[in-house]
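Residue strings, one per chain:
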Amino acid sequence: MEHHDPVFLTTVSSAFIQDWLLALETRCQSGALPKLLRRAGIETDLLEQKFEREHRITFNEIAQLYQMAVAETKDEMMGLWGRPVRPRTLQYLVTVMRDASTPVSALYRFSTFWNMLLDDFRLELRNRSHLVELVLVPYEPDIQAQRFGHMLLLKLAHGLLSWLVGMETPVKEVRLAFPRPEFAPDYAVVFPCKVQFKAAHTAIAFDPDEFSGLVKRSGSEALVFLQRAPLDWIFTGSRTHTYSLQVRSFLFGTNWKTCQLREAADALNVTPRTLIRRLKAEGTSFQEIKDALRRDIAIRALQHGTTSIEDISHETGFSAPSNFHRAFRKWTGRTPAGYRSLMTHPSS
């Protein structure tokens, strides 16, 4: 089940969706966006404070906000691009890609489709050093990269390709045409590879030799894929392609509170020194992964369970409830009780 999945448990920082919310403000009617945030269980003070303090956002909250925002704005990319992407556009894209004969053909159809819609960027399908890559190229050199929009388009390509082959497609490289943000670790959850920032162009690269054959997808399967949007294409279920997620999965399946680095390294068949080096290259550390797992387990327990706060404090390894309260306020800006109340009784 999803709530037992260590990847699905992951949260991202509120700054990760900052560009999205700013774009939504330009598309929503006056006063509509705060209502959408409340209905999705996301705090509205993110708009007022302009992200001066971090909150944690769950995958479900992102999916709920996306679905409501599309209905509100009548734009399936919700203001992230120069022109609106009208309702049912993604449905047609899925239909077009379902008829592709190969993964490379599917990527070509993806690029051709978006090049008929976008005014500010074009997608180029390139071959480079035995890789095939989708590159997002601006029509004008001074067009600023919309961080959430660039991520979303790359992940739509990856998610659709993974859906068409029936398993997560390995990604060899992701390049993003904007400086490394403070919330860069969130991209490790989204992309199953190392991410390069401040690149000349945004791009995602695949090795055609690693492509699987396409699965014949039915119309009913396509409908489910679209109804779950964007869960199945932003969060495709990365499990094995980054060391940080391998460590997280290992910790989730063992006694993570007492697990040491050497045990994780042994499980991944590397030396502790090698694991430290590879995690550092991914912008994280063993202790940071452990702390993030503890945080996300606590958030999920408060959202969806009836376990007492004292018991959650104990289960997540805090020596005293007061320590848990301090840590939770640092994570989310709220007390555990205040957060649970927000999640179970959001304002209408």
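Here's what I pulled together on the structure shown here.

The rules behind these values
- Residues numbered from 1 in each chain as written.
- Predicted model: local features only at pLDDT ≥ 70, side-chain atom pairs only at ≥ 80, totals over all residues.
- Heavy atoms only, no water.
- Helix = DSSP H or I, 4+ residues; strand = E, 2+ residues; numbered from the N terminus.
- Buried < 20%, exposed > 50% of the residue type's maximum accessible area, 1.4 Å probe, protein only.
- Axes fitted to C-alpha atoms, helices over the stretch in contact; angles between N-to-C directions.
- Parallel < 35°, antiparallel > 145°, perpendicular 65-115°, else oblique.
- Left-handed = near helix turned anticlockwise from the far one by under 90°.
- Contact = heavy atoms within 4.5 Å.
- Nonpolar A, V, L, I, M, F, W, Y, C, P; charged D, E, K, R; others polar.
- Core = buried A, V, L, I, M, F, W, Y, C linked by side-chain atoms within 4.5 Å.
- Pairing = 2+ DSSP bridges.
- Salt bridge = Lys/Arg side-chain N within 4 Å of Asp/Glu carboxyl O.

## Quick word on the environment of serine 218
By the secondary structure assignment, serine 218 is in the loop between strand E7 (202-206) and helix H9 (219-227). Relative accessible area serves as the criterion here: at 29%, serine 218 is assigned to the partly exposed category. Each C-alpha atom, one on serine 218 and one on threonine 95, is 9.7 Å from the other, the two residues being 123 residues apart in sequence.

## A few points about the packing of helix H7 (residues 147-165) against H9
When two helices pack together, their arrangement is captured by the angle between the axes and the distance separating the axes. Remark: H7 packs on H9, axes separated minimally by 12 Å, with the N-to-C direction vectors making an angle of 150°. Judged by the inter-axis angle, H7 sits roughly antiparallel to H9. When the axes of H7 and H9 are compared, the crossing they make is right-handed. Residue-level contacts link Gly159, Leu160 and Trp163 of H7 to Glu221, Ala222 and Phe225 of H9. Among the residues forming the contact of H7 with H9, the class breakdown is four nonpolar, one polar and one charged.

## Focus on the nonpolar core
Among the nonpolar cores identified, the biggest contains 81 residues, and Trp20, Phe110, Trp114 and Tyr187 are the most heavily contacted of them. If one sorts the elements of this core by residue count, H7 sits on top with 11 residues. Once residues within four sequence positions are removed from consideration, phenylalanine 110 is found in contact with Leu93, Met97, Leu123, Leu134, Leu153, Leu156, Ala157 and Leu160. Counting residues in hydrophobic clusters, the runner-up holds 14 residues, among them Leu261, Leu279, Phe286 and Ile289.

## Looking at the pairing of E7
Taking burial as the measure, the five residues of E7 include five buried ones, the bulk of the element. Where burial is concerned, the two faces of E7 agree: the one with Thr202, Ile204 and Phe206 and the one with Ala203 and Ala205 are both buried. Looking at chain direction, strand E5 (residues 173-175) and E7 are connected through three bridges and run antiparallel. In the sheet register, arginine 175 faces E7, and the bridge partner there is alanine 203.

## A word on the pattern of salt bridges
Within this structure, the stated rule accounts for 14 salt bridges. Close ionic contact of arginine 128 with glutamate 133 constitutes a salt bridge, the shortest N to O distance being 3.2 Å. Residue classification places arginine 128 among the partly exposed residues on the basis of a relative accessible area of 30%. Judged by its relative accessible area of 3%, glutamate 133 is buried. For the salt bridge of glutamate 221 with arginine 217, the shortest nitrogen-to-oxygen distance reads 3.2 Å. Judged by its relative accessible area of 31%, glutamate 221 is partly exposed. Salt bridges here are not isolated pairs; linked through shared partners, they connect Arg128, Glu133, Glu173 and Arg175.

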